[in-house]
Amino acid sequence: MIGRLGGWTRDFAVAGTFLTRLPFRPSGFIHAGDLGCAAHAFPLIGLLIGTLSGGALWLAAQTGLPPLASEISQKSGAYS
């Protein structure tokens, strides 16, 4: 069980490294075959990024920013 959890953790980090600019830190060197093994974690990365982006947009909207300013603040924060 612990070995499988460690595999998921590494796959999650490899997928996060490939799909985002966030500082995921997979252990060891990443080989091309690792990406195929990590493909099952892609939806989880999408869920994480969507939740973070939606939360940032919601928070910006709650502060009273107009929708366009909320979107711009979200985009600028994601790529800085």
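Residues numbered from 1 in each chain as written. Predicted model: local features only at pLDDT ≥ 70, side-chain atom pairs only at ≥ 80, totals over all residues. Heavy atoms only, no water.

Draft legend 1. Main features of a nonpolar patch on the surface. A cluster of nonpolar residues, W8, L44 and L47, forms a patch on the protein surface that exposes about 300 Å² of accessible area. Tracing the sequence through the fold places L44 in helix α3 (residues 42-62). The class of L44 is partly exposed, set by a relative accessible area of 38%. (Patch = residues over 30% accessible without salt bridge, like charges linked within 9 Å, V, L, I, M, F, W, Y side chains within 5 Å. Areas by Shrake-Rupley, 256 points an atom, 1.4 Å probe, with all protein chains shown as cover. Salt bridge = Lys/Arg side-chain N within 4 Å of Asp/Glu carboxyl O. Helix = DSSP H or I, 4+ residues; strand = E, 2+ residues; numbered from the N terminus. Buried < 20%, exposed > 50% of the residue type's maximum accessible area, 1.4 Å probe, protein only.)

Draft legend 2. Region of interest: the side chain of D11. As for its position among the elements, D11 is in helix α1 (residues 2-19). One buried charged side chain, D11, makes no salt bridge at all; its nearest oppositely charged neighbour is R10, positioned 5.8 Å away. With near-sequence residues (within four places) excluded, D11 lies in contact with C37, A38, H40 and A41. (Lys, Arg positive; Asp, Glu negative; His and termini not counted. Contact = heavy atoms within 4.5 Å.)

Draft legend 3. Just the packing of aromatic side chains, in detail. Taken as a whole, this structure holds 2 aromatic pairs when the rule is applied. Ring centres of F12 and F24 lie 5.7 Å apart, and the angle between their planes is 75°; on these two criteria the pair is classed as edge-to-face. Highlighted residues: F12 in helix α1 and F24 in the loop between α1 and α2 (32-37), separated in sequence by 12 residues. On the basis of relative accessibility, which here comes to 17%, the residue F24 falls in the buried class. For the ring pair F18 and F42, a centre distance of 6.2 Å and an interplane angle of 15° mean the geometry is stacked. Linking F18 in helix α1 with F42 in helix α3, this pair joins segments that are 24 residues apart in sequence. Accessibility expressed as a relative area gives 52% for F18, which makes it exposed. (Phe/Tyr/Trp six-rings, centres within 6.5 Å; stacked < 30°, edge-to-face > 60°.)

Draft legend 4. Highlighting the pattern of salt bridges. Tallied over the full model, the rule gives 1 salt bridge. Among the salt bridges present, the one from R10 reaches D34, with a minimum N-O distance of 2.9 Å. Residue R10 is located in helix α1, and its partner D34 is located in helix α2; the two are separated by 24 residues in the primary sequence. Using a relative accessible area of 18% as the deciding quantity, one classes D34 as buried.

Draft legend 5. Inspection of α3 at higher detail. Taking 1.5 Å of rise per residue, 21 residues should cover 30 Å, and α3 covers 30 Å from first to last C-alpha, within 8% of that figure. Just downstream of α3, G64 is the residue with a positive phi angle, here 95°. (Expected span 1.5 Å × (residues − 1).)

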